[in-house]
Amino acid sequence: TDQSIASRIEEILKQIPGVTDVFMFKSLGQPNIVIDPNREEAARYGLNSGDVSAIVQAAIGGLPATQVLQGDMSFPLVVRWKPEYRQTIEAMRNIRVNVPTGGNVPLGQIARIEASEGASFIYRGDLQRYVPVRFSVRGRDLEGAVADAKDRVAQSIQLPEGTHLQWVGEYSELRAANERLAIVVPLALLLVMGVLYAATLSVVNTLILMAQVPLACLGGVLALVITGTPFSVSAAVGFISIFAIAIMDGILLNFYIHQLWNEGYSLVDSIVMGADRRFRALMMTALVDGLGLLPAALSTRIGAQTQRPLAIVVIGGAASIALLTRVFQPTLVYVLHNYIGLKEELRGSSNH
């Protein structure tokens, strides 16, 4: 049955590392009284199943005998046997049933009366019945834990025909979010590249600015690894946030270097002066972004689990931007522009 399959899945989930708070919602447990007419015995006394149902309804459930008026309202007056004649199984078996030939017989002689366990609550979804099994994941990533659970369940349980297993909740939301992010993130990067090229009118400068993104992501990844925080939708949003921080940082420095270069300074002097004069502003920007989210990263209150991954990624990315790009971006500007200058010089000499 569905209950037994759900019980076996519950036991498997309890054995998977990181899976906690496993609980199966039991739908059985409601005590029921089953009265099953014996058609052959009832026919011997000239009775049918309808006669048995009628006496059960009248004696146990009750039948309306008349209406009671109270002002403008009317209520049915239900008559049934006293509690001592209907509250136990033995009392129900002794209910007397009149027979057409005269006299009466006990209900237990023409029907099977016994207690059974029925469904106390029936869970339904998508027009189907289901048995829910709840669990939480702690100390590891949700997607990896569910993948292990799927493998264990597939190896241990053969689902009967007409039964299927569905993993929903935060896991299904995570998969849907990952599918959306797989489209949104590349599209966002393409749009950013387009805006940067429109602002700089230079493929080289666009590549220099976009090169800040991998460094920022490296800091975010290291922050997740060091803190042992699994990747989640919140962490993905944090990575998107540091894209903007990294590119804005690159724009402030790159545009100022080109401004000095256009004023007549050499490439090396422009890079050195730009990195020196913009150092304080760039460090303040990175520190504000990182330190502003530090309380969220250190919080342990209820609801902090959703905001901590985002804060940790942004702090790691901001630290990477503050430390690595101070060296990486000026070096990249010098290498690429110097390479372009050499190419133009070689091209000019070859033309002569």
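Residues numbered from 1 in each chain as written. Predicted model: local features only at pLDDT ≥ 70, side-chain atom pairs only at ≥ 80, totals over all residues. Heavy atoms only, no water.

**Some points on the nonpolar core**
This is how it is decided: Note on terminology: a nonpolar core comprises buried Ala, Val, Leu, Ile, Met, Phe, Trp, Tyr and Cys residues joined through side-chain atoms within 4.5 Å. Think of it in three bands: residues with accessible area under 20% of the maximum for their type are buried, residues over 50% are exposed, and the middle band is partly exposed, with areas taken using a 1.4 Å probe on protein chains only. Runs of H or I in DSSP of at least four residues are treated as helices and runs of E of at least two as strands, each being numbered from the N terminus. We call two residues in contact whenever any of their non-hydrogen atoms come within 4.5 Å of each other.
In terms of nonpolar packing, the biggest core is built from 22 residues, with Val-213, Leu-224, Phe-239, Ile-242 and Val-313 touching the most fellow members. Counting only elements with at least two residues in this core, the list comes to helix 8 (203-210), helix 9 (212-227), helix 10 (233-262), helix 13 (294-298) and helix 14 (304-323). Among the elements that line this core, the one with the most residues is helix 10, at 7 residues. Residue contacts for Val-213: discarding those within four places in its chain leaves Phe-243, Ala-246 and Ile-247.

**Digging into unusual backbone geometry**
Glycine aside, a negative phi is what most residues show, and trans is what most peptide bonds show. If you check the backbone angles, Asp-21 has positive phi at about 55 degrees while not being a glycine. Position of Asp-21 relative to the elements: it lies in strand 1 (residues 19-24). Assessed through its relative accessible area of 37%, Asp-21 is described here as partly exposed.

**A short note on the pattern of salt bridges**
This is how the line gets drawn: Should a side-chain nitrogen of Lys or Arg be within 4 Å of a carboxyl oxygen of Asp or Glu, the pair is scored as a salt bridge.
Applying the stated criterion to the full structure yields 6 salt bridges. A salt bridge links Glu-11 to Lys-14; the shortest N-O distance between them is 4.0 Å. Of the two residues, Glu-11 and Lys-14 both sit in helix 1 (residues 2-14), 3 residues apart, roughly one turn of that helix. Overall, Glu-11 belongs to the partly exposed group, its relative accessible area being 42%. According to the relative accessible area criterion, Lys-14 is partly exposed, its value standing at 45%. Two residues, Arg-44 and Glu-41, come together in a salt bridge whose shortest N-O distance is 3.2 Å. One end of the pair is Arg-44 and the other is Glu-41, both in helix 2 (residues 39-44) and 3 residues apart, which spans about a single turn. When salt bridges with common partners are traced through the structure, they connect Glu-10, Glu-11 and Lys-14 into a single cluster.

**Thoughts on helix 9**
What counts, and what does not: Multiplying one less than the number of residues by 1.5 Å gives the expected span of a helix.
The end-to-end C-alpha distance of helix 9, which contains 16 residues, comes to 23 Å, matching closely the 22 Å that a straight helix rising 1.5 Å per residue would cover. For helix 9, the complete set of buried residues consists of Gln-212, Val-213, Leu-215, Ala-216, Cys-217, Gly-219, Gly-220, Ala-223 and Leu-224. In the segment just after helix 9, Gly-228 is the residue with positive phi, at about 70 degrees.

**Re the packing of helix 8 against helix 9**
Short version of the rule: For every element, the axis is a line fit to its C-alpha atoms; helices are fit only across the contacting stretch, and the angle between N-to-C directions ranges from 0 to 180 degrees. Convention used here: angles under 35 degrees read as roughly parallel, angles over 145 as roughly antiparallel, angles from 65 to 115 as roughly perpendicular, and any remaining angle as oblique. Under the scheme applied, nonpolar residues are Ala, Val, Leu, Ile, Met, Phe, Trp, Tyr, Cys and Pro; charged residues are Asp, Glu, Lys and Arg; polar residues are all the others, including Gly.
The contact between helix 8 and helix 9 brings their axes to 4 Å, and the two run at 5 degrees. Classified by the angle their axes make, helix 8 and helix 9 are roughly parallel. Contacts between helix 8 and helix 9 pair Ile-208, Leu-209 and Met-210 from the former with Gln-212, Val-213 and Pro-214 from the latter. Of the residues assigned to the contact of helix 8 with helix 9, the class counts are 5 nonpolar, 1 polar and no charged.

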